[in-house]
Amino acid sequence: MNNFAYEQAENIGKAVEFSSNNSASKYIAGGTNLIDLLKYNIATAEMLVDINHIPEHKAIEEKSDGSLRLGAFVTNADTAYHPQIEARYPLLSKAILAGASAQIRNMATNGGNLLQRTRCYFFYDPATPCNKREPGTGCSAIGGYNRIMAILGTSENCIAVFPSDMCVALAALEAVVNISGTEGDRSLEFADFHRLPGDTPHLDNNLKEGEIITSIDLPEKGFDKNYSYLKLRDRSSYAFALVSVATGLELENNLIKEVRIALGGLAHKPWRVKEAEDFLKDKEPSMENFASAAEMILRGAIGFEHNSFKIELAKRAIVRNCMMALNPESQQPGAQPSL
Amino acid sequence: METITNHPKSARNVLQPRVLSLRVNGAPKILEVSPWVSLLDGLREYLDLTGTKKGCDHGQCGACTVICDGKRILSCLTLAVMKNGSEITTIEGISNGAELHPLQKAFIEHDAFQCGYCTPGQICSAIGMIEENKAHTRTEVKDSMSGNLCRCGANTNIIDAIMEVKEAKNHE
Ligand SMILES: Cc1cc2nc3c(=O)[nH]c(=O)nc-3n(C[C@H](O)[C@H](O)[C@H](O)COP(=O)(O)OP(=O)(O)OC[C@H]3O[C@@H](n4cnc5c(N)ncnc54)[C@H](O)[C@@H]3O)c2cc1C
Ligand code: SF4
Ligand code: FES
Ligand code: FES
């Protein structure tokens with residue numbers, strides 16, 4: 001870990017000011033990703049700006065239009081167990097609780113979760129080339145060991161996966177990310193927040209330098225009756241997803257009125273395919289229909305040497321998770337982890 | 001008044017010193033550290049509280065778990081400066097004098113360790129988990145304790161010990 005200066009910001013304006021005065025500074029929230037990366041010298045900073053002492057954006061608040069605002073500095077644990085989240089957005093609660101460990105969720109913040117970096121082995125190993133860590137050096141995962149890598153939306157420059165569970169649910173719920181910066185405030189639709197690698201694999205998202213996430217808005221529709229989050233991984237707890245699926249269903253007369261299917265572990269951002277969701281509209285919630293949708297979602301998937309298994313795994317996970325969403329009883333938070 | 005605790009090996013040589021005041025195991029502590037010192041190193045190297053263990057130093061094993069302002073956290077993934085003003089409990093602070101904490105007793109009774117390296121983290125994590133009161137069944141408790149690895153594989157006995165204390169508490 002390199003030596004750095006440390007400042008506590010007492011409000012958003014001050015945080016942005018610290019950051020704009022030192023381009024080699026970084027915000028620190030829970031620290032669970034940044035400190036890890038600093039210890040490996042993968043991240044470096046001349047100054048850390050601690051944003052944990054900012055009194056605003058530390059609550060979960062209902063807005064007049066029925067949406068719910070999640071403060072960026074609320075911890076993942078407090079979010080997952082918040083009565084409004086458990087009751088109205090159980091899909092989000094389940095996805096958060098499927099990630100990391102209880103200790104890490106007590107530290108990790110909602111803003112930091114969106115900005116966690118990939119778990120690509122080569123990104124973490126400074127002895128190997130990596131376009132994300134050092135643009136232009138090449139990608140060690142293409143042609144190297146790539147079991148955990150992406151099969152959708154990859155580029156010849158990077159096949160890394162964005163590892164968040166929480167963000168898969170936020171994609172399904174069509175959250176909105178609220179941001180402050182030197183040029184004022186702005187909001188981004190969740191689908192526009194993270195990026196595909198393309199020829200800029202060093203950029204994970206569309207946050208500009210020095211900008212700070214202040215909150216995340218959840219639209220009123222929470223799919224609280226029919227939802228499910230399925231996470232498939234190498235052990236049943238405390239491991240990143242190989243494939244994960246968030247499903248929210250709205251049924252009417254036993255037909256699908258609306259459906260959201262978002263996937264994790266497969267791409268550089270949470271993955272949704274509108275065509276597949278449109279196809280399911282007004283259809284019966286049957287295994288056959290979900291299987292057709294799964295084919296549409298995985299169309300264009302490209303497997304690499306060690307991760308082609310993800311294509312079939314993802315299709316089956318989609319069908320299984322959509323079927324589980326029909327049975328909300330098994331989906332109460334804290335229900336037995338599904339294997 | 002408390003004296004300022006410097007790094008034992010580099011007294012008066014702290015770069016960019018920050019003076020912090022914490023309550024550790026009920027006692028006020030003042031220490032002077034550089035901003036990049038983790039809470040874990042602050043406890044072990046500056047306050048000589050070596051009960052908290054460094055396993056991986058990267059958030060993966062749970063050996064460094066302490067209770068900070070009532071919540072179980074990983075002391076290796078936070079900086080000491082970030083916890084200025086906090087109340088911290090480590091394994092050294094959980095017994096009532098010579099009277100062991102119920103989890104300490106249960107760990108002994110259930111043979112819930114071999115080398116003992118993961119034990120302080122397991123016990124602090126279990127205290128935090130019981131306080132949270134979110135995990136109830138054995139399966140839920142296992143999931144909630146999955147952030148604490150035991151390389152000796154004492155996990156079954158660890159969960160037995162925790163379940164016993166949890167159930168006794170429910171009957172209080
Ligand atoms: C062992 C381990 C296992 C894990 N397993 C999982 C898992 O299974 N699933 C999962 O989803 N996650 C997992 N995680 C990742 C964890 O969820 C993230 O580390 C956490 O969400 C990051 O949040 P933080 O507040 O600690 O961020 P920090 O580490 O403080 O910050 C991360 C980045 O975001 C920036 N930042 C933070 N907040 C803001 C803000 N408000 N505005 C602008 N920039 C900001 C920081 O500058 C930094 O670059 C795991 C982590 C570990 C260590
Ligand atoms: S997949 Fe991306 S992050 Fe991994 S080595 Fe290639 S460029 Fe780096
Ligand atoms: S030493 Fe902190 S989690 Fe391993
Ligand atoms: S007792 Fe040895 S690591 Fe758990």
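Computed from a predicted structure; not experimentally measured. (Residues numbered from 1 in each chain as written. Chains lettered and ligands numbered in written order. Predicted model: local features only at pLDDT ≥ 70, side-chain atom pairs only at ≥ 80, totals over all residues. Heavy atoms only, no water.)

1. Some thoughts on the overall build of chain A
Across its full length, chain A carries 11 helices and 11 strands. For a compact globule of 339 residues, the expected C-alpha radius of gyration is about 20 Å, and chain A comes in at 20 Å, within 12% of that figure. Dimensions of chain A, computed from C-alpha atoms along their principal axes, come out at roughly 60 × 50 × 35 Å. Of all intrachain contacts in chain A linking residues separated by at least 6 positions in sequence, the fraction that spans at least 24 positions is 64%. Just so you have it, chain A exposes about 13600 Å², and 49% of that area is on carbon and sulfur atoms. Distance between charge centres in chain A, computed from 34 positive and 42 negative side chains, equals 4 Å. (Helix = DSSP H or I, 4+ residues; strand = E, 2+ residues; numbered from the N terminus. Rg over C-alpha atoms; globule rule 2.2 N^0.38 Å. Contact = heavy atoms within 4.5 Å. Areas by Shrake-Rupley, 256 points an atom, 1.4 Å probe, with all protein chains shown as cover. Lys, Arg positive; Asp, Glu negative; His and termini not counted. Charge placed at Lys NZ, Arg CZ, Asp CG, Glu CD.)

2. Description of the overall build of chain B
Secondary structure assignment for chain B yields five helices and five strands. Computed over C-alpha atoms, the radius of gyration of chain B comes to 17 Å, within 12% of the 16 Å expected from 2.2 N^0.38 for 172 residues, which places it in the range of a compact globule. Principal-axis analysis of the C-alpha atoms places the extent of chain B at approximately 50 × 30 × 25 Å. When each of the 172 residues of chain B is scored for burial, the buried share is 53%. Of the contacts made within chain B by residues no fewer than 6 positions apart, 56% connect residues no fewer than 24 positions apart. By element, 47% of the accessible surface of chain B is carried by carbon and sulfur atoms, the whole surface being about 8000 Å². (Buried < 20%, exposed > 50% of the residue type's maximum accessible area, 1.4 Å probe, protein only.)

3. Observations concerning the environment of Lys169 of chain B
Relative to the assigned elements, Lys169 of chain B resides in helix H5 (residues 155-170). In this structure the C-alpha to C-alpha distance between Lys169 of chain B and Pro102 of chain B, which are 67 residues apart in sequence, comes to 9.8 Å.

4. Points about the site of ligand 1
Near ligand 1 lie 35 residues; those nearest to it are Tyr27, Gly31, Thr32, Thr109 and Asp165 of chain A. Residue neighbours of ligand 1 fall on chains A and B, so the site bridges chains. With respect to ligand 1, the backbone of Leu34 of chain A contributes an N or O atom lying 2.8 Å from an oxygen atom. In the environment of ligand 1, a nitrogen atom lies 2.8 Å from a nitrogen or oxygen atom belonging to the backbone of Ile213 of chain A. (Near = heavy atom within 4 Å. Polar contact = N/O pair within 3.5 Å; in protein donor to acceptor, adjacent residues only side chain to side chain.)

5. Let's talk about helix H3 (residues 119-132) of chain B
All names here are of chain B. In this model, H3 (14 residues) spans 20 Å end to end at C-alpha, consistent with the 20 Å of a helix rising 1.5 Å per residue. Extensive coverage of H3 is indicated by the burial of 12 of its 14 residues. Among all positions of H3, only Thr119, Pro120, Gly121, Gln122, Ile123, Cys124, Ser125, Ala126, Ile127, Gly128, Met129 and Ile130 are buried. Of the residues one or two after H3, Asn133 is the one with positive phi, at around 60 degrees. (Expected span 1.5 Å × (residues − 1).)

6. Points about the pattern of salt bridges
Residues and elements named next belong to chain A. Considering all chains together, one arrives at 30 salt bridges over all chains under this definition. With a closest N to O distance of 2.9 Å, Glu174 and Arg272 form a salt bridge. In this pair, Glu174 is assigned in the loop between helix H8 (166-172) and strand S6 (176-181) and Arg272 in the loop between strand S11 (255-264) and helix H9 (274-280), connecting sequence segments 98 residues apart. Here Glu295 ties to Lys315 by a salt bridge, and the two come within 3.2 Å at their closest N and O atoms. Here Glu295 is found in helix H10 (residues 287-298), whereas its partner Lys315 is found in helix H11 (residues 309-325), with 20 residues between them in sequence. Assessed through its relative accessible area of 18%, Lys315 is described here as buried. Within the structure, one salt-bridge network assembled from shared partners comprises Glu174, Lys221, Glu250, Glu258, Arg260, Arg272 and Glu277. (Salt bridge = Lys/Arg side-chain N within 4 Å of Asp/Glu carboxyl O.)

7. A look at the sheet that holds strand S3 (residues 47-50) of chain A
Residues and elements named next belong to chain A. Taken in spatial order, the three strands make up an open sheet running S1-S3-S2, and their pairing is parallel. The two strands at the open ends of the sheet, each matched to only one other strand, are strand S1 (5-8) and strand S2 (25-28). The average undirected angle you get between the axes of adjacent strands in this sheet is 25 degrees. With four bridges joining them, S1 and S3 adopt parallel strand pairing. (Pairing = 2+ DSSP bridges. Axes fitted to C-alpha atoms, helices over the stretch in contact; angles between N-to-C directions.)

8. Here's the deal with the site of ligand 2
Inspection of the region around ligand 2 gives 13 residues, with Cys120, Cys130, Cys139, Cys158 and Ile159 of chain A positioned closest. Looking at the shell around ligand 2 residue by residue, the class counts come to nine nonpolar, three polar and one charged. (Nonpolar A, V, L, I, M, F, W, Y, C, P; charged D, E, K, R; others polar.)

9. Digging into unusual backbone geometry
Positioned with a positive phi, His57 of chain A is a non-glycine residue whose angle comes to about 60 degrees. Here His57 of chain A falls in the partly exposed class, since its relative accessible area comes to 27%. With phi around 50 degrees, Asp69 of chain B is a residue other than glycine that occupies positive phi space. Relative to the elements of secondary structure, Asp69 of chain B occurs in the loop between strand S3 (65-68) and strand S4 (71-74).

10. A few points about the side chain of Asn33 of chain A
The residue Asn33 of chain A is located in the loop between S2 and helix H2 (34-39) in this model. Exposure remark for Asn33 of chain A: the relative accessible area of 12% places this residue in the buried category.

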